[in-house]
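Structural overview
Spelled out, the chains give:
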Amino acid sequence: MKAASAVRTRPTMLEAVAASPVQALRPYRRRRVPGAVNLASNELRHPVLERLAGEALSDLPAADLAGYPSGTAVTRLLADRLRTSPESLLLVAGSDDAYRLLTEALGPTLGAAAVTQQLNYQSLPDYARLRGLELLTAPYLPQRHAFDTAELIRLQAARPGRAVVWLSNPNGPTGAVHTPEELENLCATVAAAGNLLVVDEVYRDFQDGPRWAGPARTGHHRHLLRLRSFSKGYGLAGARLGYLHGHPDLISYLARWNTPGPVSVTALHLAAHLLRHGDEVAAVHREVAADRAWFATAADALPGFTALPSQGNFVAVRAGTDQLVRRGLDALAEEGITVRDLRPLGVMGPVLRVGMAQRPVLRRALTALSQAADDQATRDGAGAGRE
Ligand SMILES: Cc1ncc(COP(=O)(O)O)c(C=O)c1O
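**Description of the nonpolar core**
Counting residues in hydrophobic clusters, the biggest one holds 102 residues, and the most contacted among them are Val165 and Val317. Considering each element in turn, this core owes the most residues, six residues, to helix 13 (residues 359-386). Three or more residues apiece are contributed to this core by two domains, here domain 1 (33-44 + 279-379) and domain 2 (68-276). Leave out the neighbours within four places in its chain, and Val317 touches Ala299, Phe305, Thr306, Ala307, Val351, Leu352 and Val354.

Okay, here's the thing in structure tokens:
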């Protein structure tokens, strides 16, 4: 009797689920507005990438799908391309999967905390919450459209041997970058403190400003882990493929946390074909960077809008007022274009973000924003007239 009442005082497993703090997270569900052009998720659509993907798919023997995937060939192709060893690479099902894996493998079991930019990819705070991983942030500095690197250094130095400094560079969602000198200094300081620097480089392909080479041989550096993806630069967000690059000892530890065969036969086949056509893919990256500069200049010229510098495949555009953001979003929606509203982040102010696309689509986006600016000016003029 006594034992039964003692058991009853503890919540049951299902009661604990219902009361869990995890319930505060939003479950992942991607909604698409039917028929709309999605410029909200920084995917990459380009005819050259679509042609290459089509070639790969038509050349995939259906019989291959009956076997479990092996990442050996793609790992070797990547290793050749990066001039590194296959042992320093680990394939994952998209970089999001790497966030899951790393927060599990480096989290509370090792007593580590994560030090990151105030704005980073949302999966980091979400997974940190799930794993009970402490997260400390260095602020976004709106005047400089940059992150406080000195604060990142200070936060990790206060936790020697127990901190993972976790950046996205170029940063998502802002498009801001740390300079190569900042990263070099950060990497050296992190190593001196016995900590680990994780750099999410999913937007690196689009960088046309100075790029951090990093320690020339990343695979030999014990305190640096780089994360890359095929979602953005290769236009394969739907295939789910990314990889980690670091010291073989760390990669070997992380491999034990990976799911068996995380990347499908189809995704591996697509990646191999695109890697073999690296020159064509690189030309697409140069085109995106040129279109970004063109779009940013045009958006910046619109009354009330300021284009923030970006090294990703997107441009964040600050509007003078909240009302102008709303008008911009409405005008874009009317044009059949969805973009990301960055206001809910509560950090950047009235900012919307436009993913890059082919110029005809970008022209439509600019026309919509221009319409919003005109409407706002007319409204403001009418208001001033009444005063
Ligand atoms: C900074 C950053 N990292 C990672 C991801 C996720 O990329 P993947 O498709 O490789 O999971 C995104 C997606 O938008 C991102 O912005």
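**Comments concerning the sheet that holds strand 9 (residues 224-229)**
Strand order across the open sheet formed by seven strands is 2-10-9-8-7-3-4, with mixed pairing between neighbours. Each edge of the sheet is formed by a strand with only one pairing partner; in this case those strands are strand 2 (89-92) and strand 4 (135-138). This sheet shows a mean twist of 20° between the axes of neighbouring strands, independent of strand direction. Pairing analysis gives four bridges linking strand 8 (residues 196-200) to strand 9, with the strands arranged parallel.

**A word on the sheet that holds strand 12 (residues 314-319)**
Taken in spatial order, the four strands make up an open sheet running 11-12-15-14, and their pairing is antiparallel. Because the sheet does not close on itself, it has two edges, and the strands there are strand 11 (305-307) and strand 14 (340-341). Here strand 14 runs beside strand 15 (residues 351-355); their pairing, made up of two bridges, is antiparallel. Residue pairing in the sheet places Asp341 in a bridge with Leu352 of strand 15.

**As for unusual backbone geometry**
Asn169 connects to Pro170 through a cis peptide bond whose omega is -10°. You can see Pro170 is positioned in the loop between strand 7 (163-168) and helix 8 (180-192). A cis amide bond links Gly172 to the next residue, Pro173, at an omega of 20°. In this structure, Pro173 sits in the loop between strand 7 and helix 8. The phi angle at Asn42 is positive, at roughly 55°, despite the residue not being glycine. Of note, Asn42 is situated in the loop between strand 1 (37-38) and helix 3 (47-58). At Arg83, a residue that is not glycine, the phi angle is positive and equals roughly 50°. Position of Arg83 among the secondary structure elements: in the loop between helix 4 (72-82) and strand 2. Taking the number of C-beta atoms within 10 Å as the measure of exposure, Arg83 has 9 and is therefore exposed.

**Section: the environment of Leu270**
Of note, Leu270 is situated in helix 10 (residues 265-276). Since 26 C-beta atoms lie within 10 Å of it, Leu270 is described here as buried. Distance from Leu270 to Ala128, taken between C-alpha atoms, is 32 Å for residues 142 residues apart in sequence. Filtering out sequence-adjacent residues up to four positions away, Leu270 remains in contact with Ala53, Ala56, Leu236 and Ala239.

**Focus on the domain arrangement of the chain**
Each assigned domain of the chain is listed with its residue range as follows: domain 1 (33-44 + 279-379) and domain 2 (68-276). One C-alpha centre belongs to domain 1, the other to domain 2, and the line joining them spans 27 Å. With 22 residues of domain 1 at the interface, the matching set in domain 2 holds 23 residues. When contributions to the side of domain 1 that touches domain 2 are tallied by element, the ones reaching two or more residues are helix 11 (278-300) and strand 12. By residue number, the principal contributor to the side of domain 1 that touches domain 2 is helix 11, which donates four residues. In terms of residue class, the side of domain 1 that touches domain 2 is built from 13 nonpolar, seven polar and two charged.

**Considering the pairing of strand 3 (residues 113-117)**
On a regular strand, each side chain points to the face opposite its neighbour's, so the side chains alternate between the two faces of the sheet. Across the five residues of strand 3, five count as buried, placing the element largely inside the fold. One ladder, built from four bridges, connects strand 3 with strand 7; its direction is parallel. From the neighbouring strand, Thr116 faces strand 7, where its bridge partner is Trp166. In this sheet, strand 4 lies alongside strand 3 in parallel orientation, the contact comprising four bridges. Residue Val115 lies in a different strand from strand 4, and its bridge partner there is Leu136. For the handedness criterion, the β-α-β arrangement of strand 3, helix 6 (residues 123-131) and strand 4 is classed as right-handed.

Reading the values: the criteria
- Residues numbered from 1 in each chain as written.
- Predicted model: local features only at pLDDT ≥ 70, side-chain atom pairs only at ≥ 80, totals over all residues.
- Core = buried A, V, L, I, M, F, W, Y, C linked by C-beta atoms within 7 Å.
- Buried ≥ 20, exposed ≤ 12 C-beta atoms within 10 Å, placed from the backbone.
- Helix = DSSP H or I, 4+ residues; strand = E, 2+ residues; numbered from the N terminus.
- Domains from an automatic or database assignment.
- Contact = placed C-beta atoms within 7 Å.
- Pairing = 2+ DSSP bridges.
- Axes fitted to C-alpha atoms, helices over the stretch in contact; angles between N-to-C directions.
- Nonpolar A, V, L, I, M, F, W, Y, C, P; charged D, E, K, R; others polar.
- Right-handed = clockwise from strand over helix to strand, strands pointing away.

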